[in-house]
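Here's the letter readout for the chains.
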Amino acid sequence: MSESLLTGERLVLRKVHVSDVNENYHKWMNDAEVVKFLESRFQQYSLEDIKNYVKSLEQDKNNLFLAILIKGTERHIGNIKLGPINYVHNFAEIGLMIGEKDCWGKGYASEAIKIISRHAFEELKLNKLTAGCYQSNVGSLKAFEKAGFMVEGISKKHFLCDGQYVDAVRLGLLNGLMT
């Protein structure tokens, strides 16, 4: 994907640029509530750390790292990643973060998942998309299910979250089964 835009009803997805790494993005990555269910929560990030991460993905052909923007305002509210993409077996993982808390619970995550899923199936010709989340991450689980993903498996007491072991949920969506 070059610098083309992927669009939905309310959102636009475009490549994350180093210029997107600002104080707001830095705040997301260091906000315990925002990163509560992300593996990145175990360290603090400097602006330079985040810029280096974005740079590492800029030329990576096996990952699409996209900014989630509200159409019209171009407000950057989070990111979504498709990858790593396995071009042998034609599948990829989706992960996302909505960093702006005032945008939680408004369906933006499920819309972003639908947009990137459509691109993965129609343009990249992938056969399957996968995702994972903590069972206690109800918002993420609902967003993926709303986008058509089905629970494919549960790994019992797989992750430690807030001092408790929680189940890991694995989800999948096959090409042709999008809602």
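See the structure printed just above.
Note that residues are indexed from 1 along each chain, following the sequence as it is written. At least 70 in pLDDT is required for a residue's local features to be given in this predicted model, at least 80 for side-chain atom pairs to be given and counted, and no such filter applies to totals for whole chains, interfaces and linings, which use all residues. For side-chain calculations, the full set of non-hydrogen atoms in the structure is used, while hydrogens and water are omitted.

Sorry if this is basic, but what is going on with the pairing of strand 3 (residues 64–70) here?
Residues in a regular strand point their side chains to alternate faces of the sheet. Note on exposure labels: buried denotes an accessible area under 20% of the residue type's maximum, exposed denotes more than 50%, and partly exposed covers the range between, all computed with a 1.4 Å probe on protein chains only. Only DSSP runs of H or I covering at least 4 residues are called helices, and only runs of E covering at least 2 are called strands; the numbering of each starts at the N terminus. The buried fraction of strand 3 amounts to seven of the seven residues, a majority that puts the element mostly inside the structure. Residues of strand 3 alternate between two faces, with L64, L66, I68 and I70 on one and F65, A67 and L69 on the opposite face, all of them buried. We call two strands paired when DSSP finds no fewer than two bridges between them. Two strands pair when backbone bridges link them, and strand 2 (residues 11–15) and strand 3 are joined in this way by five bridges, in the antiparallel orientation. Opposite V12, over in strand 3, you have L69 as the bridge partner. Across seven bridges, the pairing between strand 3 and strand 4 (residues 75–86) is antiparallel. Within strand 4, the residue paired with I68 across the bridge is G78.

Any chance you could explain the pattern of salt bridges here in plain terms?
For side chains of opposite charge, pairing can occur when their charged atoms come near one another. Definition used for salt bridges: Asp or Glu carboxyl oxygen within 4 Å of a side-chain nitrogen of Lys or Arg. Taken as a whole, this structure holds eleven salt bridges when the rule is applied. For the salt bridge of R41 with E39, the shortest nitrogen-to-oxygen distance reads 3.7 Å. As a salt-bridge pair, E100 and R75 come within 3.1 Å of each other at their nearest N and O atoms. In this pair, E100 sits in the loop between strand 5 (91–98) and helix 3 (108–122) while R75 sits in strand 4, placing the two residues 25 residues apart along the sequence. Connected through shared salt-bridge partners, D31, E33 and K101 make up one network.

Help me understand the pairing of strand 6 (residues 128–134), please; the structure alone is not making it clear to me.
Strand 6 sits mainly inside the fold: five of its seven residues count as buried. Both strand 5 and strand 6 contribute to a ladder of three bridges, which runs parallel. Looking across to strand 6, one finds that A92 is bridged to L129.

Please clarify how the side chain of S117 should be interpreted in this entry.
Within the fold, S117 resides in helix 3. N or O atoms within 3.5 Å of each other form a polar contact, as long as, within protein, one can give a hydrogen and the other can take it, and as long as residues adjacent in sequence are counted only when both atoms are side-chain atoms. Within polar-contact distance, the side chain of S117 engages the backbone oxygen of I113 at 2.7 Å.

I would appreciate a short explanation of the environment of R170 in the present structure.
Assignment of secondary structure puts R170 in strand 8 (residues 164–174). Apart from the residues lying within four places of it in its own chain, the contact partners of R170 are E93, T130, A131, G132, M150, V151, E152 and G153. At 2.8 Å, the side chain of R170 forms a polar contact with the side chain of E93. Separated by 3.3 Å, the side chain of R170 and the backbone oxygen of A131 make a polar contact. Residue contacts are defined here by distance: any two heavy atoms, one from each residue, within 4.5 Å place the two residues in contact.

Before we go on, may I ask you to explain the nonpolar core in this structure?
Most often, soluble globular proteins have nonpolar side chains that are buried together. The biggest cluster of nonpolar side chains holds 35 residues, and the ones touching the most others in it are L13, I80, L82, I94, L129 and F149. Elements supplying a minimum of two residues to this core: strand 2, strand 3, strand 4, strand 5, helix 3, strand 6, helix 4 (138–146) and strand 8. If one sorts the elements of this core by residue count, helix 3 sits on top with eight residues. Setting aside chain neighbours within four positions, we find L13 in contact with S4, L5, L6, L66, A67, I68, I80, A112, I115 and I116. Residues V21, Y25, W28 and A67 belong to the second largest nonpolar core, which totals 16 residues. Residue types Ala, Val, Leu, Ile, Met, Phe, Trp, Tyr and Cys, when buried and joined through side-chain atoms within 4.5 Å, form a set referred to as a nonpolar core.

Honestly, the packing of helix 3 against helix 4 in this entry has me stumped. Any pointers?
Relative placement of two packed helices is described by the angle separating their axes and the distance separating the axes. Relative to each other, helix 3 and helix 4 sit at 45°, their axes nearing to 8 Å. Judged by the angle between their axes, helix 3 and helix 4 are oblique. Here helix 3 and helix 4 pass one another in a crossing that is right-handed. Contact residues: A109, S110, I113 and K114 in helix 3; A143, F144 and K146 in helix 4. Amino acid classes used here: Ala, Val, Leu, Ile, Met, Phe, Trp, Tyr, Cys and Pro are nonpolar; Asp, Glu, Lys and Arg are charged; the rest, including Gly, are polar. Here the contact of helix 3 with helix 4 is composed, by residue class, of four nonpolar, one polar and two charged. Inter-axis angles, ranging from 0 to 180 degrees, are taken between N-to-C directions of lines fitted to C-alpha atoms, where helices are fitted over the stretch in contact. Here roughly perpendicular refers to angles of 65 to 115 degrees, roughly parallel to angles under 35, roughly antiparallel to angles over 145, and oblique to all remaining angles. Left-handed describes a crossing whose near helix is turned anticlockwise from the far helix by less than a right angle; the clockwise case is right-handed.

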